[in-house]
Amino acid sequence: MSTTTEVIAHHWAFAVFIVVAFGLCVFMLAGGWLLGGRARARHKNTPFESGIDPVGSTHLRLSAKFYLVAMFFVIFDVEALFLYAWSTSIRESGWVGFVEAAIFILVLLAGLVYLVRIGALDWAPARRRVDVDTGKVTNTNPQKQ
């Protein structure tokens, strides 16, 4: 038997998976192309919302903080997945794995504390932030003082 045949015979399930996945993708693309609508009209490509004609631009300018917080969420969410994988193998990893996970969690907490201290998680703009000192609330907007 040739080397290629041996590899396919050894990994036949993976080969079948690849063929079925590729076939399913081709089927869905071809089905959408064959069954999709072909109507052409003057207002076909205009945005439609609740029967109201669109007014203004649909482009929203979001603050860079929004994307920053979204990246932080993804980062911490992926690290939570690492902790879940660790928790499922806690018996096999023993105390060494526990110490490694504890160090991992401490590094995560240090990163979170750093983000809070530099203000990366503050949503309010600088002119609307309110400082709280010993129960006294003051506005940091210099124009109103």
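Computed from a predicted model, the values in this text were never measured in an experiment.

## Some words on the overall build of the chain
For step 1, the next point in the chain: The helix and strand tally for the chain stands at 4 helices and 2 strands.
For step 2, the next point in the chain: Counting only residues that meet the buried cut, the chain has 6% of its 145 residues in that class.
For step 3, the next point in the chain: Within the chain, contacts between residues at least 6 apart in sequence are counted, and of these 42% link residues at least 24 apart.

## Digging into helix H2 (residues 12-35)
For step 1, the next point in the chain: Helix length check: H2, at 24 residues, gives a terminal C-alpha distance of 34 Å against a target of 34 Å (1.5 Å per residue), a fit within 8%.
For step 2, the next point in the chain: Taking burial as the measure, the 24 residues of H2 include 0 buried ones, a minor fraction of the element.

## Some thoughts on the packing of aromatic side chains
For step 1, the next point in the chain: Counted by the stated rule, this structure contains 3 aromatic pairs.
For step 2, the next point in the chain: Considering the side-chain rings of Phe82 and Phe104, the 6.4 Å spacing of their centres and the 70 degrees angle between planes classify their relative orientation as edge-to-face. In this pair, Phe82 sits in helix H3 (residues 64-88) while Phe104 sits in helix H4 (residues 90-118), placing the two residues 22 residues apart along the sequence.
For step 3, the next point in the chain: Measuring from centroid to centroid gives 5.6 Å for Trp95 and Phe98, while their planes differ by 85 degrees, and the two rings are edge-to-face. Here Trp95 and its partner Phe98 are both found in helix H4, 3 residues apart, which amounts to about one turn of the helix.
For step 4, the next point in the chain: Its relative accessible area of 68% is what places Trp95 among the exposed residues.
For step 5, the next point in the chain: Among the aromatic residues, those joined into a cluster by ring pairs are Trp86, Trp95 and Phe98.

## Concerning a nonpolar patch on the surface
For step 1, the next point in the chain: The grouping of Ile90, Trp95, Phe98, Val99, Ile103 and Val107 at the surface amounts to a nonpolar patch, some 620 Å² of accessible area in total.
For step 2, the next point in the chain: Along the chain, Val107 falls in helix H4.

## Considering the packing of H3 against H4
For step 1, the next point in the chain: Orientation of H3 relative to H4, taken along the N-to-C sense of each, is 165 degrees, at an axis distance of 9 Å. By the angle class used here, H3 and H4 are roughly antiparallel. For the pair H3 and H4, the crossing hand works out as left-handed. Of the residues in H4, those touching H3 at Phe72, Phe76, Glu79, Phe82, Leu83, Trp86, Ser87 and Thr88 are Ile90, Glu92, Ser93, Gly97, Phe98, Ala101, Phe104, Ile105, Leu108, Leu112 and Leu115.
For step 2, the next point in the chain: Tallied by class, residues from the contact of H3 with H4 come to 13 nonpolar, 4 polar and 2 charged.

## So, the UniProt feature "transmembrane region" (unreviewed entry) in the chain
For step 1, the next point in the chain: Summarizing the sequence annotation, UniProt attributes the feature "transmembrane region" (unreviewed entry) to residues 12-35, 66-86 and 98-120 in the numbering used throughout.
For step 2, the next point in the chain: Structurally, residues 12-35 comprises 100% helix and 0% strand, and the distance from its first C-alpha atom to its last is 34 Å.
For step 3, the next point in the chain: For residues 98-120, helix accounts for 91% and strand for 0%, while the C-alpha atoms at its two ends are 30 Å apart.

So, how was this worked out
Residues numbered from 1 in each chain as written. Predicted model: local features only at pLDDT ≥ 70, side-chain atom pairs only at ≥ 80, totals over all residues. Heavy atoms only, no water. Helix = DSSP H or I, 4+ residues; strand = E, 2+ residues; numbered from the N terminus. Buried < 20%, exposed > 50% of the residue type's maximum accessible area, 1.4 Å probe, protein only. Contact = heavy atoms within 4.5 Å. Expected span 1.5 Å × (residues − 1). Phe/Tyr/Trp six-rings, centres within 6.5 Å; stacked < 30°, edge-to-face > 60°. Patch = residues over 30% accessible without salt bridge, like charges linked within 9 Å, V, L, I, M, F, W, Y side chains within 5 Å. Areas by Shrake-Rupley, 256 points an atom, 1.4 Å probe, with all protein chains shown as cover. Salt bridge = Lys/Arg side-chain N within 4 Å of Asp/Glu carboxyl O. Axes fitted to C-alpha atoms, helices over the stretch in contact; angles between N-to-C directions. Parallel < 35°, antiparallel > 145°, perpendicular 65-115°, else oblique. Left-handed = near helix turned anticlockwise from the far one by under 90°. Nonpolar A, V, L, I, M, F, W, Y, C, P; charged D, E, K, R; others polar. UniProt positions renumbered as here; feature names shortened; annotations may be inferred.

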